[in-house]
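# Per-entry structural report
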Amino acid sequence: MIRLFLYMLIAASVSGGIVGWIRSSETALWAASLNFPDWAPGGHLPDIVSILMLQLIAISLWITQRADRCTMRLLSVLLTLGLIGGVCLQLCIIFVGRDITTGFLAGLALWLYMLVTMTVVDRCSKASAVLLWLPFAWLTLGLAFAFEVMRLNEGSNFVGGL
């Protein structure tokens, strides 16, 4: 249980730190200057959901580590850790690099990576894989949102002018 507590504490610290940095820096001004679709979630809802999604990934990691007699446990753990790193990398690309198009492509790569991760984790622990479905759904929604933001802010010059 101590390991679960530590994982959740680290996930909350990482996600809360990123959200706090984005909200309190000049990055917030840059983000506010972007055009967003009408269906964009407002307020602090995206921040809260993002923090909760990393918590679910942390719980999934803990369950995967506890899986008995699983030959793919190490691979599942490493792939799950990679999800947290991938989320952080995507946010850095978007907000540090201020590159919406590359951020969208990183999100697409992360979406595919998460599909592979869920497949491998499912072989090790069904419960752990089920916990990854909500973060996957949130990532899917975020990918659609990122595509729309990219389209609205870059003059429709991606994927044949979509």
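Everything discussed here concerns the structure shown above.
Residues numbered from 1 in each chain as written. Predicted model: local features only at pLDDT ≥ 70, side-chain atom pairs only at ≥ 80, totals over all residues. Heavy atoms only, no water.

### Focus: the overall build of the chain
Each helix and strand in the chain was counted, giving seven helices and zero strands. Across the chain, helices and strands are ordered from the amino to the carboxyl terminus as α-α-α-α-α-α-α. Since a compact globule built from 162 residues should have a radius of gyration of about 15 Å, the 17 Å found for the chain is in line with a globular shape. Summarising its shape, the C-alpha atoms of the chain cover approximately 55 × 35 × 25 Å along the three principal directions. A total of 162 residues make up the chain; the buried ones form 36% of that total. Taking as baseline every contact in the chain between residues at least 6 positions apart, the subset at least 24 positions apart corresponds to 75%. Of the roughly 9,000 Å² that the chain leaves accessible, carbon and sulfur atoms contribute 70%. Averaging the coordinates of the 9 positive side-chain charges in the chain and doing the same for the 8 negative ones gives two points 16 Å apart. (Helix = DSSP H or I, 4+ residues; strand = E, 2+ residues; numbered from the N terminus. Rg over C-alpha atoms; globule rule 2.2 N^0.38 Å. Buried < 20%, exposed > 50% of the residue type's maximum accessible area, 1.4 Å probe, protein only. Contact = heavy atoms within 4.5 Å. Areas by Shrake-Rupley, 256 points an atom, 1.4 Å probe, with all protein chains shown as cover. Lys, Arg positive; Asp, Glu negative; His and termini not counted. Charge placed at Lys NZ, Arg CZ, Asp CG, Glu CD.)

### Structural notes on the environment of Trp30
Within the fold, Trp30 resides in helix H2 (residues 26–32). Spatially, the C-alpha atom of Trp30 lies 8.1 Å from that of Arg98, the residues being 68 residues apart in sequence. With residues near it in sequence (within four places) discarded, Trp30 still touches Ile94, Phe95, Arg98 and Ile100.

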